[in-house]
Every structure is written in C-alpha cells, then in structure tokens.
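# Examination of the molecular architecture
Read off the chains here:
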Amino acid sequence: MNARESLPLAGVRVVEFCQVAAGPFCGMLLADFGAEVIKVEPREGDGLRQWPPIRNGFSENFASLNRGKRSLVLDLKDPADRDVARALVLDADVLVENNRPGVMQRLGLGWDWFGPRKPSLVYCSISAFGQSGPRAGEGGFDLTIQAAAGVMSVTGEPDGAPVKCGVPLADFTAGLYGAFSIASMIARVRAGGPGGQLDVPMFATTLAIAALQTSEYFGTGRNPRKLGSAHPRNAPYQAYRARDAWFAIAAGNDRLWRAVCEVVAMPELLADERFASTTLRAAHQAELKDLLEARFADAGAADWLARFAKAGVPGAPINGYAEALADPQALHLALVQPMTMPGGTDTRTVVCPVRIDGAAVPVDTRAPALGEHDRELRERARQVAGAAGGRTHIEEDDR
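The rules behind these values
- Residue numbers run consecutively from 1 along every chain, following the written order of its sequence.
- The model is predicted, so local features are restricted to residues of pLDDT at least 70 and side-chain atom pairs to those at 80 or more, both for listing and for counting; the totals for chains, interfaces and linings are taken over all residues.
- Side-chain calculation: all heavy atoms of the structure are included, whereas hydrogens and water are not.
- A run of H or I in DSSP becomes a helix once it reaches four residues, and a run of E becomes a strand once it reaches two; helices and strands are each numbered from the N terminus.
- A contact between two residues is defined here by any heavy atoms of the two lying within 4.5 Å.
- Each accessible area value is a Shrake-Rupley result obtained with a 1.4 Å probe; residue values ignore everything except the protein chains displayed when judging cover.
- Charge counting treats Lys and Arg as positive and Asp and Glu as negative, with His and both chain ends excluded.
- Just so you know, the charge point we use is NZ for Lys, CZ for Arg, CG for Asp and CD for Glu.
- Salt bridge, as used here: a side-chain nitrogen of Lys or Arg that lies within 4 Å of a carboxyl oxygen of Asp or Glu.
- Accessibility here uses a 1.4 Å probe with only protein chains present; expressed as a share of the type maximum, an area under 20% marks a residue as buried, one over 50% as exposed, and anything in between as partly exposed.
- The criterion is simple. A nonpolar core is a set of buried Ala, Val, Leu, Ile, Met, Phe, Trp, Tyr and Cys residues joined through side-chain atoms within 4.5 Å.
- One requirement defines pairing of two strands: DSSP has to find at least two bridges between them.
- Fitted lines through C-alpha atoms serve as axes, helices being fitted only where they are in contact, and the angles separating the N-to-C directions of these axes extend from 0 to 180 degrees.
- In plain terms, two cysteine sulfur atoms within 2.5 Å form what is called a disulfide here.

## Points about the overall build of the protein chain
Secondary structure summary: the protein chain contains 16 helices and 15 strands in total. For the C-alpha atoms alone, the extent of the protein chain along its principal axes is close to 85 × 50 × 40 Å. Put simply, 69% of the contacts in the protein chain that link residues at least 6 apart link residues at least 24 apart. Within the structure as shown, the protein chain displays about 19800 Å² of accessible surface, and the carbon and sulfur contribution to it stands at 56%. Looking at the protein chain, you have 43 positive and 47 negative side-chain charges, and the mean spots of the two groups are 1 Å apart.

Below, the structure written as structure tokens:
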C-alpha cells in the first residue's frame, strides 16, 4: 500500500462543479487527504485557468488550488453530457458545487434529483449567501463578502480608507468549512447514517470566524473599530517601527509586559498608571506606541527582535512571502514542494500544512490540463449508466 492509500479519505470519490476559489479549495483539501476528485469544467475551463502568472500556457494560480484532481470537460446544458455528470455523481460519495442557488437544479443536477436516488450522497453547496433567505439569489466574491460580513470595517488604519484583508479569507474560510463539514458527513455515512445536503454560505462562515469581533459587539453594543496592527484588548501587541524597518511584538500578558520594559530599559513604564494592566495598556496604546518607538529608533529591527527573543517575548519581522517561505520553520515542515504543470513547466507549491502521526501528508501536487481525463471518465460514466439500466436520463415523471 502506498502512502496516499493510507490517507483518511482514500476511497472517497468526489465530483466537483466549482470555479475560482472557495469550491476548488474545498475540493483540493479533500484531494490532499486522499479523495479522488473529478473536476467538471465547461469547455472554456475554470476561469482561474486564465489568471496570471501564466507559464507555458498554464496558470500558477489555478495549479495552486487544483492539485491532485482530474479534469473532465462537460457542457451541462447538453442532455448527453448532463447524463455523464449524473452517472459520475451516482458513482461518487460527494458532490461539491459553488454556483448560485438554483443553477444546479435547473441543470437537472440538484439535490432534488440525487437525494431520492442516492441517499448516502453528501451534497455540498457553497454560495455567497446560502440556499435560502432574502439574499440567496445574489452572487458574491471575496471582496464583497468581506465588506458585507464586517471584515473591512476592522481592517486597516483607524483613519484610513476601507481595505480588505490581503488574503482572500472569505473564499478560503468557506472552503475550509465545506471540507470540514463534508468530512464530518462522511463519518456519519461510514457509521451507517444517511448523507445529506450541506449549505455553506460565505457570508455566514466569514461572520463565524469573527467570534472575537461579534462577541465584542454583543458585550458592548458598539461596533469594533479599526486599529491597524494593534489589538483592542492587548498592548504592546502590534507592529512598531525600528531604525531601519518595521517589526511586530505580542506582549499579551503582564509577565511579557514586564519583559518588554526590561528589554527597552524603561522601568518607569511599570510605574505609569496608564499601563498598569492589560486593559489600561490597550486603552492607552497610542501613547505607549509613541514611547516605545522613540526607543526602538535607537537600533535596527533585527537587533530588537533578537533581544525580545532572548527575553521570551514573541516577535517577528514583517515578512514578504519570499521571506516567509524561506523561514527555517517552513523549511523544516517541508511546506514548499516541487510541482510540474501540464506542459512540463517546473514550479513549486505550498502543500498541506497538517502532519499525521508526525509525518507530512503525501500530497499529489500535479494539477490537470483542461479535459485531461475526458476519455477515462466518460468510459466510467458509460459503465455506471449501463449498470444502472440507463436511468441517468430524465424520466417522464421528472419533466
């Protein structure tokens, strides 16, 4: 048995009807943990295939979210291709889709069709606002969901223009919730229970990860505010400017606060009533920042970080991705692995960050060319349809 055959989702079959980020990320997580993922694409392919950087005709962005999958091109408005899709889903354990609500039903691929025919199927729908409710029909992208779900209201400098988080967290949060929910449902099915329909709204999952912000609102009745890199309840806990560069420290308790005062050789701060507790330091963090940065101007960021590390105060430089990927811990975790894209271009990718029993997850890093597995998968669909007596077409009572 090879390493991937021992993964938790080995033997699970997934059919993915997704484009761009949230759904494909969900499918990729399942593939990383051993599932066979069939990616159904329109004739022009997933729109992410056109996103730069493109090398030798293949998108690095697409490859980063679609490794380990197989690609099948289908025109889902064509009855014959629709029946191929149905057959593959009936032979699978999971369907993942991220279309607007109602699209899959109109195509004859909704839960209403599959549920009665395969009760063990886990049918996961990822959408902007969910499958029901006053906003269900609206589309959405990471930017608009970050705006609607409050993220942009707490991101950026206090007097700055609205900005989004630089990482598309609304997309990837929905993908993570989707993959976790699918894995949970698979556990139920394996225990003898039914499958079912999962509704994963990006708006709701983005609100759900804002537990600290929503609880602040519930507790105070006030909207949390933008603080830049600072924290509403801890200080010193933000980015500071040294003589040559910015760096961050996180002194989130009284012990670490005393260590900071020792490192900067400012014992008078310990006697300052404004900074006598975590709550008071957070309330007066602007004044504290000015005092600390006046001292930090005496040395470079690396020097200060070395001093804080010796004192046990968590800190870090403000890395770009080049620096983050070269961090010794990233190297130890073997996060960056080689990847060969269709066409033969060699590149790299960040693989699954989780370890199982101390070992890295053996990820299949290859991403598929558009329609690369058409022949094999269409033949599988033909065999499934034959075994089912051809009942993947629309029967009279479906019309």
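## Some words on the pattern of salt bridges
Considering all chains together, one arrives at 23 salt bridges under this definition. Here Glu16 ties to Lys69 by a salt bridge, and the two come within 2.7 Å at their closest N and O atoms. With Glu16 in strand β1 (residues 13-17) and Lys69 in strand β5 (residues 69-73), this pair connects stretches of sequence that are 53 residues apart. We classify Glu16 as buried; its relative accessible area is 0%. Lys69 sits in the buried class, given a relative accessible area of 4%. Notably, a salt bridge pairs Arg233 with Glu216, separated by 3.1 Å at the nearest N-O pair. Residue Arg233 is found in the loop between α9 (211-220) and β9 (237-241), and its partner Glu216 is found in helix α9; the two are separated by 17 residues along the sequence. With relative accessibility at 35%, the residue Arg233 sits in the partly exposed group.

## Digging into the nonpolar core
Val14, Leu30, Val94, Val96, Ile126 and Ile182 are the most contacted members of the largest nonpolar core, which totals 39 residues. Counting residues per element, the ones that place at least two in this core are α1 (22-32), α2 (60-65), β6 (94-97), β7 (122-127), α7 (169-190) and β8 (196-201). Here the element with the most residues in this core is α1; it accounts for seven residues. The contacts of Val94, once residues within four sequence positions are left out, are Val12, Arg13, Val14, Val15, Leu121, Val122, Ile182 and Ile186. If you look at the next biggest cluster of nonpolar residues, it comprises 25 residues, including Leu256, Ala259, Ala301 and Trp304.

## Side note on the pairing of β9
Pairing of β9 with strand β10 (residues 246-250) involves five bridges; the strand directions are antiparallel. Opposite Ala239, over in β10, you have Ala248 as the bridge partner.

## Looking at the sheet that holds β10
In spatial order, the strands read β9-β10-β11; together these three strands make up an open sheet with antiparallel pairing. In this open sheet, the two edge strands, each paired with only one partner strand, are β9 and β11 (315-317). Direction aside, neighbouring strands of the sheet carry axes that sit 20° apart on average. Together, β10 and β11 form the strand contacts of helix α13 (residues 301-311), whose direction differs from that of β10 by roughly 15°.

## Concerning the state of the cysteines
Here the structure, examined in full by the defined rule, presents zero disulfides. Distance from the sulfur of Cys124, which forms no disulfide, to the nearest cysteine sulfur (Cys26) is 5.1 Å.

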